Amino acid sequence: MIDQYNREITYLRISITELCNLRCRYCMPADGVCKKRHEEMLTEDELVRAVETAAMLGITKVRITGGEPLVKKNAVSICRRIAAVPGIREVCLTTNGTLLPPLAVPLREAGVRRVNISLDTLDERKYADITRGGSLKDAWSGIEAALAAGFDRVKLNTVLIGGFNDDEIVPLAELTKKYPLDVRFIELMPMCDSREFDESAFIPYTRVLEALPEAVPAAADGGVARLYRLPGAQGNVGLISPVSDHFCAGCNRIRLTADGKLKPCLHSCEEYSLKGLDDAGMKARLEQAIWNKPLWHGELDASHRSRAGRNMNQIGG
Ligand code: SAM
Ligand code: SF4
């Protein structure tokens, strides 16, 4: 379906839970989130119905995210059922990887084609610090499990944080030489609760290119990342710039939260609830949300924080 600005919306990102086993400083509060009542959340059946309806309106790609999607006991079942929805050509997953080792093969068998794993540092102490207690070894085991499970593509997502990991751009990017994976650097977005980051933490994607003078442009893959390649590398380095050079004009996404709210724009507080609706009601609400997708996310920087009204774990990234 086309929105009022003539953008074709084909990509649905679903946060299947707000809960997470980590507490990344830029994403969620230190003490986690208040668990919402079961009745407030979308059931697995409602979720699948929402995807069936979205597919009828032209959605072809679904990404399962969270919170941490793999803390949900039915994550594999959700992926399997969504992959079987007529019209859905691609189901992808974004995860912190720490719970992936026993689930990588079942997820692959359920029809998940691509996996993105978050990894902000290669230093165990810094990993524990940014995730407030996570283990780099666990995340790395997840990356190895993803590589072994035979997904079409494995990508690592690194949030660029000035003063934290800007000294690791080269070693992180060089993972693309050693492993068949992409490493994507994402500009830090100023969410409601990530106030501990001051102006100096927000560094533009161009800093990555300065650190990698030998990187050459690579063919685009239809995603939002600008792609580059290091000599001899097996995968690409991707640069994602929602802050310094937004890509709203070509945005093809809508988002669905675990409590059933459609968000036509990540940084807008506009939401459309799907909870409790029958098929016709869901279709009408989806059409309304897509049509009303804002033109762009508005100013976004350290002094113009996101107007999403939620932290990232409640949206899915
Ligand atoms: N738990 C999973 C994970 O960490 O990959 C999935 C959910 S997480 C919210 C999805 C993505 O959002 C991750 O790659 C994470 O790094 C990114 N993210 C979270 N907060 C962010 C922020 N303030 N700025 C930029 N990216 C952010
Ligand atoms: Fe959890 Fe992912 Fe947010 Fe980190 S980025 S707190 S792993 S949801």
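Read on for an overview of the structure.

What counts, and at which threshold
Residues numbered from 1 in each chain as written. Chains lettered and ligands numbered in written order. Predicted model: local features only at pLDDT ≥ 70, side-chain atom pairs only at ≥ 80, totals over all residues. Heavy atoms only, no water. Near = heavy atom within 4 Å. Polar contact = N/O pair within 3.5 Å; in protein donor to acceptor, adjacent residues only side chain to side chain. Helix = DSSP H or I, 4+ residues; strand = E, 2+ residues; numbered from the N terminus. Nonpolar A, V, L, I, M, F, W, Y, C, P; charged D, E, K, R; others polar. Phe/Tyr/Trp six-rings, centres within 6.5 Å; stacked < 30°, edge-to-face > 60°. Buried < 20%, exposed > 50% of the residue type's maximum accessible area, 1.4 Å probe, protein only. Lys NZ or Arg CZ within 6 Å of the ring centre and 35° of its normal. Arc of directions from axis to C-beta. Contact = heavy atoms within 4.5 Å.

1. What about the site of ligand 1?
Residues in close proximity to ligand 1 total 19 residues, the closest being Tyr 26, Gly 67, Glu 68, Ser 118 and Met 189. A distance of 3.0 Å separates a nitrogen atom of ligand 1 from a polar backbone atom of Gly 67. Here an oxygen atom of ligand 1 sits 3.2 Å away from a polar atom, N or O, in the main chain of Thr 95. Breaking the shell around ligand 1 down by element, the ones donating at least two residues are β3 (90-95) and β5 (153-160). Classifying every residue of the shell around ligand 1 gives 7 nonpolar, 10 polar and 2 charged.

2. A few points about the packing of aromatic side chains
For the coordinates displayed, the defined rule picks out 1 aromatic pair. Look at Trp 140 and Tyr 179: their rings are 5.5 Å apart centre to centre, the planes differ by 70 degrees, and that puts the pair in the edge-to-face class. Here the residue Trp 140 occupies a position in helix α5 (residues 136-149), and Tyr 179 occupies one in the loop between α7 (175-178) and β6 (182-187), the gap between them amounting to 39 residues. Each member of the pair, Trp 140 as well as Tyr 179, carries the same accessibility label: buried. One Lys or Arg, Lys 61, reaches over the ring of Tyr 11 and ends 4.4 Å from the middle of that ring. Positioned above the aromatic ring of Phe 164, the side-chain terminus of Lys 126 is 5.2 Å from the ring centre.

3. Digging into helix α2 (residues 75-83)
Along an α-helix, residues three or four apart share an orientation, since each turn contains 3.6 residues. For α2, the set of buried residues is Ala 75, Val 76, Ile 78, Cys 79 and Ile 82. The buried residues of α2 all sit within an arc of 160 degrees when viewed along its axis, so they share a single face. The inward-facing, buried residues of α2 abut β1 (11-15), α1 (44-56), β2 (61-65), β3, α3 (104-110) and β4 (112-118).

4. Topic: the side chain of Asp 259
Relative to the assigned elements, Asp 259 resides in the loop between β10 (253-256) and β11 (261-263). Judged by its relative accessible area of 5%, Asp 259 is buried. Reaching out from Asp 259, the side chain makes a polar contact with the side chain of Thr 257 at a distance of 2.5 Å. Only 3.2 Å separates the side chain of Asp 259 from the side chain of Arg 310, close enough to count as a polar contact. Beyond its immediate stretch of four places on either side in the chain, Asp 259 contacts Glu 18, Lys 36, Glu 40, Met 41, Leu 42 and Arg 310.

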